[in-house]
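So you can see what is in the structure, the chains are spelled out below.
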Amino acid sequence: MILGLEYFFPIFLWAPHYSFKLFRSDVVSGLTIASLAIPQGISYAKLANLPPIIGLYSSFVPPLLYALLGSSRHLAVGPVSIASLVMGSMLEESVSPTENPEIYLSLAFTATFFAGLFQASLGILRLGFIIDFLSKATLIGFTAGAAIIVSLQQLKGLLGIVHFTTKMQFVSVMSSVFHETNEWSWHTIIMGLSFLVFLLTARQMSMRRPKLFWISAAAPLTSVLISTLIIFIFKAQIKGISTIGHLPRGVNPPSANMLYFHAPYLSLALKTGIITGILSLTEGIAVGRTFASLKNYQVDGNKEMVAIGVMNMAGSCTSCYVTTGSFSRSAVNNSAGAQSAVSNIVMAATVLVTLLFLMPLFYYTPNVILGAIIVTAVIGLIDYQAALKLWRVDKLDFVACLCAFFGVLFISVQIGLVIAVGVSVFKILLNVTRPNTVILGNIPGTHIYQNLRRYGEASRIPYFLILGIESPIYFANSTYLQERLLRWVREEEEWIQTNKESPLKCVILDLTTVSSIDTSGLETIAELRRTLEKRSLQLVLVNPVGGVMEKLCRSKVLESFGPSGLYLTVGEAIADLSATYKAQLYMP
């Protein structure tokens, strides 16, 4: 029973060794991330077109559940910008949050439930590989595009525009900005720019000097308090700046009765839940693994999926929307000295105090400050250095990154995500169906054979064409490999004729890196041998690995190769066959 509790509730693993010294560090880090989570929670809820109080509710229940179920010591749980943006844009296409606020809220809770169900199912069934279809390259492009769209959407609040487009497209947003210049409010612009500069400066200071992390962590809450105080004192003189207004006091009300499981919006909630579930799961696990590697401990991916899924399912029944591990809050949590998931409990307790006693203080908080907080938070998602690295290392990955980026920026967030997944899958199919084949040469003075194009000192061996296959051989690539290998033979014969070298007598196929083979691959090798035999060329196999060797024997393909058709190394094959060819050359 104890082992079962430790497996399903990791808190039982570390709780017996917990000490007051660790608790002191967790209290400091918990209070620090709470100062960041409260203004971010309100801001991200508005990003999802939800009442601001939902963001605070989502920063109370989920962190408590994650502290019980999660395996990461540094993951700070709460709403995140990308999932909020995707949920808001997807639901808003079919249901207006202003005209049908009750249905919209019900769909948000229902989508959160489906997101949690999907996430927990992946963990229970150990199907986490599904989220790996979002490659690092496509995620860089997707998050950068989404960050720009999120930032541009905040121009509504930063400029004081009332009538603003609901579309998440670059052209639509910029068109709305410049068509509504008559609604621009200079009071709002001055306040927004002032606090935006303050927040960005605090962020830059913390990035340059990590020991000053608390400056950027406290800056959002400081901005909220100062701006609220300014509006409260000068409300008669300052006009045109919209505020949050009334926020209800009290803990999360139950919302299980609001879950929407019938037509016509069930498919919308399901689709939104799965997409936001994948995005939040990808971010949460990536953040958890990042800090686990920094602190030299391991995070169980399947347990994380179950933990995030359960907290979202429970959250959907307690007035919360999609939550996961936030990179910005987790970074602050780590910098503040967090030692365990207790920091999440301290953060949740701080949010609870806020919900019970401090809600009236947010009445005069200007919406423009929330926009500035969002811009500051998402600007870090634009990783241009990672994009430049993709260009230097892998051009195909860079193209995938650009496709996702421009898809989000100029079409829509959903289409951008579809493009990101599509490009990732296409890259997988391309690598599977078009594997790399190389021509090998001998490095002088050694028995080593390497790629002729990669090693300039490597040289061809007279009478031999040595080819290497760098992938498994199966039905998806067997036809291509056969055509490619025969093309290598034709090109080699043309090169020999042009350079008047010794005639080609043998093709050596190095199978060292071929990890597996199926029946289609076996037939390809047999057919390749027959084709080369008709051209008076011998095919020799070198070093097939265990599984490949077993199938070659079982299928009796090796019987047709004869006693000199299989060798352990390329050098051994050349040494043996060269003597045979030279003997044949000097025979009368």
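Residues numbered from 1 in each chain as written. Predicted model: local features only at pLDDT ≥ 70, side-chain atom pairs only at ≥ 80, totals over all residues. Heavy atoms only, no water.

- Going by an unreviewed UniProt entry, the protein chain carries the name Sulfate transporter 1.1 and comes from Thalictrum thalictroides.
- Recorded in UniProt for the protein chain, the comment headed Subcellular location (unreviewed entry) runs: "Membrane". (UniProt positions renumbered as here; feature names shortened; annotations may be inferred.)

Looking at the UniProt feature "transmembrane region" (unreviewed entry) in the protein chain
And step 1. Within this structure's numbering, the places UniProt gives as "transmembrane region" (unreviewed entry) are residues 103-125, 137-164, 184-200, 212-238, 258-281, 341-362, 368-386 and 398-426.
And step 2. Each end of residues 137-164 is marked by a C-alpha atom, and these two atoms are 32 Å apart; helix forms 79% of the span and strand 0%.
And step 3. Here residues 258-281 runs as 67% helix and 0% strand, with 24 Å between its end C-alpha atoms. (Helix = DSSP H or I, 4+ residues; strand = E, 2+ residues; numbered from the N terminus.)

Regarding the pairing of strand E7 (residues 538-542)
And step 1. In terms of residue burial, E7 counts as a mostly covered element, since 4 of its 5 residues are buried.
And step 2. Where strand E6 (residues 506-510) and E7 come together, 5 bridges link them in parallel fashion. For Val507, the partnering residue across the bridge sits in E7 and is Leu539.
And step 3. Regarding topology, helix H22 (residues 519-534) serves as the crossover connection from E6 to the parallel E7, and that connection is right-handed.
And step 4. Bridging between E7 and strand E8 (residues 566-567) involves 2 bridges; their strand directions are parallel. Within E8, the residue paired with Val542 across the bridge is Tyr567.
And step 5. The parallel pair E7 and E8, bridged by helix H23 (residues 546-554), forms a crossover whose chirality is right-handed. (Buried < 20%, exposed > 50% of the residue type's maximum accessible area, 1.4 Å probe, protein only. Pairing = 2+ DSSP bridges. Right-handed = clockwise from strand over helix to strand, strands pointing away.)

Some points on the UniProt feature "domain: STAS" (unreviewed entry) in the protein chain
And step 1. UniProt's feature table lists "domain: STAS" (unreviewed entry) at residues 454-577, given in the numbering used throughout.
And step 2. Along residues 454-577, the helical share is 44% and the strand share 15%, with 26 Å between the first and last C-alpha atoms.

A short note on the domain arrangement of the protein chain
Interfaces are frequently sized by the accessible area removed from exposure as the parts join.
And step 1. Here the protein chain is partitioned into domain 1 (1-428) and domain 2 (437-585).
And step 2. For domain 1 and domain 2, the distance between their C-alpha centres works out to 55 Å. (Domains from an automatic or database assignment.)

Quick notes on the environment of Pro248
And step 1. In this structure, Pro248 sits in the loop between helix H12 (213-233) and helix H13 (266-294).
And step 2. When the C-alpha positions of Pro248 and Thr376 are compared, they lie 27 Å apart, and in sequence the two are 128 residues distant.
And step 3. When neighbours within four sequence positions are excluded, Pro248 is seen to be in contact with Ile53, Tyr57 and Met359. (Contact = heavy atoms within 4.5 Å.)

Remarks on the pattern of salt bridges
And step 1. In total, this model carries 8 salt bridges according to the counting rule given.
And step 2. As a salt-bridge pair, Lys427 and Asp394 come within 3.8 Å of each other at their nearest N and O atoms. One end of the pair, Lys427, is in helix H20 (residues 413-433); the other, Asp394, is in the loop between helix H18 (384-393) and helix H19 (395-410), and 33 residues separate them in sequence.
And step 3. Here Glu493 makes a salt bridge to Arg535, at a shortest N to O gap of 2.8 Å. Separated by 42 residues along the polypeptide, Glu493 in helix H21 (residues 478-499) and Arg535 in the loop between H22 and E7 bring together distant segments of the chain.
And step 4. You can call Arg535 partly exposed: its relative accessible area is 31%.
And step 5. In this structure, a network of salt bridges that share partners links the residues Asp394, Asp397 and Lys427. (Salt bridge = Lys/Arg side-chain N within 4 Å of Asp/Glu carboxyl O.)

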